[in-house]
Each structure stands twice: as C-alpha cells, then as structure tokens.
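Here's the letter readout for the chains.
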Amino acid sequence: MAHIKIDENLPGIRGLMHFRPETAQPMNDLAEVLLRSENSLSRGERELIATYVSSLNDCFFCQHAHGGIAQHYLQCDVAFIDQVKDDYRNSGISDKLKALLVIAGSVQKGGKHVTQEQVDQARKLGATDREIHDTVLISAIFCMFNRYVDGLGTSAPSDRNFYINRGKQRAEEGYAHYDPKN
Amino acid sequence: MSYIPLEEHLPGITGLLEYSRETAEPIRELTQILMRGPSTLSEGERELIATVVSSGNGCVFCTTAHTAATNTYYDDPSLCEMAKKDIDSTPLDEKMKALLHVARLTGMGGKQVSTEAIDRAKKHGATDLEIHDTVLIAALFCLYNRYVDGLATHLPKDASYYQELADRLNKNGYVRIPEAYEQLKQKKTKPNS
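Notes on the structure follow.

Definitions and cut-offs
Residues numbered from 1 in each chain as written. Chains lettered and ligands numbered in written order. Predicted model: local features only at pLDDT ≥ 70, side-chain atom pairs only at ≥ 80, totals over all residues. Heavy atoms only, no water. Axes fitted to C-alpha atoms, helices over the stretch in contact; angles between N-to-C directions. Helix = DSSP H or I, 4+ residues; strand = E, 2+ residues; numbered from the N terminus. Parallel < 35°, antiparallel > 145°, perpendicular 65-115°, else oblique. Left-handed = near helix turned anticlockwise from the far one by under 90°. Contact = heavy atoms within 4.5 Å. Nonpolar A, V, L, I, M, F, W, Y, C, P; charged D, E, K, R; others polar. Buried area = accessible area lost by both parts, 1.4 Å probe. Salt bridge = Lys/Arg side-chain N within 4 Å of Asp/Glu carboxyl O. Polar contact = N/O pair within 3.5 Å; in protein donor to acceptor, adjacent residues only side chain to side chain. Expected span 1.5 Å × (residues − 1). Buried < 20%, exposed > 50% of the residue type's maximum accessible area, 1.4 Å probe, protein only. Core = buried A, V, L, I, M, F, W, Y, C linked by side-chain atoms within 4.5 Å. Phe/Tyr/Trp six-rings, centres within 6.5 Å; stacked < 30°, edge-to-face > 60°.

Comments concerning the packing of helix α4 (residues 60-71) of chain B against helix α9 (residues 160-172) of chain B
All names here are of chain B.
Thought 1: Put simply, α4 and α9 touch, their axes get as near as 8 Å, and they point 55 degrees apart. It follows from the interaxial angle that α4 and α9 lie oblique. With respect to the hand of their crossing, α4 and α9 are arranged in right-handed fashion. Contacts between α4 and α9 involve Phe61, Thr64, Ala65, His66, Ala68 and Ala69 from the former and Tyr161, Tyr162, Gln163, Leu165, Ala166 and Leu169 from the latter.
Thought 2: Of the residues that constitute the contact of α4 with α9, the class distribution is nine nonpolar, three polar and no charged.

Take a look at the structure:
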C-alpha cells in the first residue's frame, strides 16, 4: 500500500502520475527530451544510465522498467542488463560509456562526488561536454524519480517479464504522451 | 571551474538552465507548478522544504538561494536557520514540522521515508496532496542539488546576487524571464554599474 491514496492497479510511478497529472506532464516532457531526443548517446545508452542509477538507488520499479526499455533498444538479453548493473566494468559496453557510468554513480552519491579526474577520463575516451552534461542530468533526474516512487511507498510487480514485455511498448511510444493507465 | 563551459556571469543552476534550454523548460515548468502553483502549502512553506533538502544535501548554491527566497516570505530569518539545524525546535506548526521530516528523509533516499513519518504528518492534518507535493519537491531538489554540484558550477562572486535572485523568485517564480538574463549580461559588460 502506498503512503497516499492512489489507484493500486497502477504500479510504480504510474499511480503517482495518475494522481497528479499536472506534475506528470513536465516530468514526461523531461524524460522525452533527455532520453529520446537526437543525441550522440544512443537511446539505449541513456536508458542504461537510468537503469544503473535506479539500481544504485535500489528502486525496484525504475531499474526494471528502464532496464526493460534499454533491453529493447539494445536488443540484448536480461543477463546483459544485469551485468551492467552489477559489474559494468567487465561488461561489453564501450569504454566511454563505462567512464560516463563512473560519473553517473558519483552523482547518485551526491553532486560533490564527481571529480575532475572522472570528467577528464571520460573526455579522454571521447565524451563531449554535452554527453557529460546529459549523463549528470540523467543521473540527477533518476535520483528524483527513484525518490518519488519509493518515497511515497508505491508497489511494483515482482515478475521481471512484466517490465521486459512493457519495454518494447514504451520504447516505441516514448514518454511525451504517456498515459499512466495504459 | 565548472566541468563544462558555462557562461561566467551565470552562477549555480542559472548557467546550466541556459546551457541546456530544452531540458530547462520542463524542469522550470515542474518547479513552477510545485513551488508556485495552487496549493494548501504556502509559497514560503514550499521554499522552506526546498531549503531544508538542499541543506541536507550540502549544496551551497541552492541552500543559500532558497534560504534567501524563504526569508522573503518570513519576517524572522532565524526561523529558516533553525529549520536547517533542528526541525522540531523551529517555531512552525506541527504539520509543517512533520512534512519537513518527510522531506529530509526523502532527501536521504526514497526508502528512508517511514510509515511513522507519514503517519505523523497525517495525524497533524497533512493531506495526501500535501504529502505528495512534499516528497516531490524534496525529490526535485535532490535533482537540482546533484545537477548544480555534479557539474561543479561556480558560486556568485557577490553575495548580493542571492538577494536579487530571491526577490526574482518571489516576484516572478520559476519561469524564464528573458529580460532578467539580459540584465545580467549587461551588468557583466558594465562592471562599474
């Protein structure tokens, strides 16, 4: 049971977005522009950053929802997503993305944890200013989403397949016109 | 030095919001609805929530800016100082104290928000919408604090900047006022004005 009265048939952020559509719209607009608009980081890479940060924040709903979307974009299996969360340094992602995940992980702990060395390392591996900016902002935004979802005590289905099955739909429809009831 | 090139005359969040206008727009809109939209929480109370969370996250720019913004609503500036240090000894009503605890817990992590903290707020009359907005304001400032410090933005050179910003936030809210940015740019080119 969530801490406030929401439609319990709508898990995670969906019940909250249904509860307060006024605040849902700019959050979805933000997700759309940051995670899906034209960018030198692929949609799959950006969803991986979101998944990794949500897993660090131990937010079950967000890490599996965005893991499912990442899985669809990257056309990978669930084991790959799990490896990125558990041990990305030994996963098959690019060295640049590894360096960006270091930054994302520091942001999750707190903004001041990001160091000049981490930023220099990402740049050395080809990261642009825009990519560094977007990585920090994606991590920061998921620190918001994760707190919103867990801070209000929402429920989340435990079956991983629920999220994997929905990942395709979300990837195809995007966030801008997100209907929490659907 | 910030980690990415930002306009020198725009400290803290202001440089980031100009660097990335496409993401700034929905962030501003969300903030405007939460902080200035219709609510049973006053604008001052909502600024206080933002201040307590920013202080808990150790973000100097956001804490100083929102302390100044809070103080545009309260006669006694010691109230905000006290709330940052010890919520329960602050002369606020019981509902507001309970909501500030919910906000502070949210800042520490979503799972830190306990049923006890929520029940305390409800017992003192907090509505579901007030609890919702308190958690979301706290979560939103966790975003801002990480954005501002994660890219190592610089602090304003002159502390009077915060008072000007606070007055602007009180008067205009969080929507982008192009003239405000133009004024800042003109100031930059005329250092003695």
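Structural notes on the interface of chain A and chain B
Thought 1: Taken together, the contacts link 42 residues of chain A with 44 residues of chain B.
Thought 2: Carbon and sulfur atoms make up 67% of the surface buried where chain A meets chain B, a total of about 3,600 Å² over both sides.
Thought 3: Our count for the chain A to chain B interface comes out at five salt bridges.
Thought 4: With a closest N to O distance of 2.8 Å, Arg20 of chain A and Asp133 of chain B form a salt bridge.
Thought 5: Counting across the interface, chain A meets chain B through 17 residue pairs in polar contact (both at pLDDT 80 or more).
Thought 6: Considering every element that reaches the side of chain A that touches chain B, the biggest residue donor is helix α8 (residues 129-151) of chain A, with 14 residues.

Comments concerning helix α3 (residues 43-56) of chain A
Residues and elements named next belong to chain A.
Thought 1: Counted at 1.5 Å a residue, the expected span for α3 with its 14 residues is 20 Å, and the 20 Å between its end C-alpha atoms agrees.
Thought 2: Every buried residue of α3 is listed here: Gly44, Glu45, Arg46, Glu47, Leu48, Ile49, Ala50, Thr51, Tyr52, Val53, Ser54 and Ser55.
Thought 3: At the exit of α3 stands Asp58, carrying a positive phi of roughly 60 degrees.

A short note on the packing of helix α3 (residues 43-56) of chain B against helix α5 (residues 78-85) of chain B
All names here are of chain B.
Thought 1: Two numbers describe how α3 lies on α5: the axes approach to 9 Å, and their chain directions differ by 45 degrees. Relative to α5, α3 is oriented oblique. Considering the relative orientation of α3 and α5, their crossing is right-handed. Between α3, through Leu48, Thr51, Val52 and Ser55, and α5, the contact on the second element is made entirely by Leu79, Cys80, Ala83 and Lys84.
Thought 2: Grouping the amino acids of the contact of α3 with α5 by side-chain chemistry returns five nonpolar, two polar and one charged.

Brief notes about the nonpolar core
Soluble globular proteins tend to bury their nonpolar side chains together.
Thought 1: Core analysis: the biggest nonpolar cluster contains 118 residues, and Phe61 and Leu100 of chain B have the highest contact counts within it.
Thought 2: With 13 residues, helix α8 (residues 128-150) of chain B is the single largest residue contributor to this core.

Re the environment of Glu38 of chain A
Thought 1: Residue position: Glu38 of chain A is located in the loop between α2 (21-36) and α3.
Thought 2: In the structure, Glu38 of chain A is positioned 53 residues away from Ser91 of chain A in sequence and 26 Å away in space, judged by C-alpha atoms.

Let's talk about the packing of aromatic side chains
Thought 1: Following the criterion strictly, the structure yields nine aromatic pairs over all chains and no others.
Thought 2: Relative to Tyr161 of chain B, the ring of Phe61 of chain B has its centre 6.4 Å away and its plane inclined at 45 degrees; by these criteria the two rings are tilted. Taken as a pair, Phe61 of chain B in helix α4 and Tyr161 of chain B in helix α9 lie far apart in primary sequence, 100 residues in all.
Thought 3: Ring centres of Tyr161 of chain B and Tyr162 of chain B lie 6.1 Å apart, and the angle between their planes is 80 degrees; this geometry places the pair in the edge-to-face category.
Thought 4: Connected via pairs of aromatic rings, a cluster forms that spans Phe60, Phe61, Phe162 and Tyr163 of chain A.

Coordinates in, geometry out; function isn't part of it.
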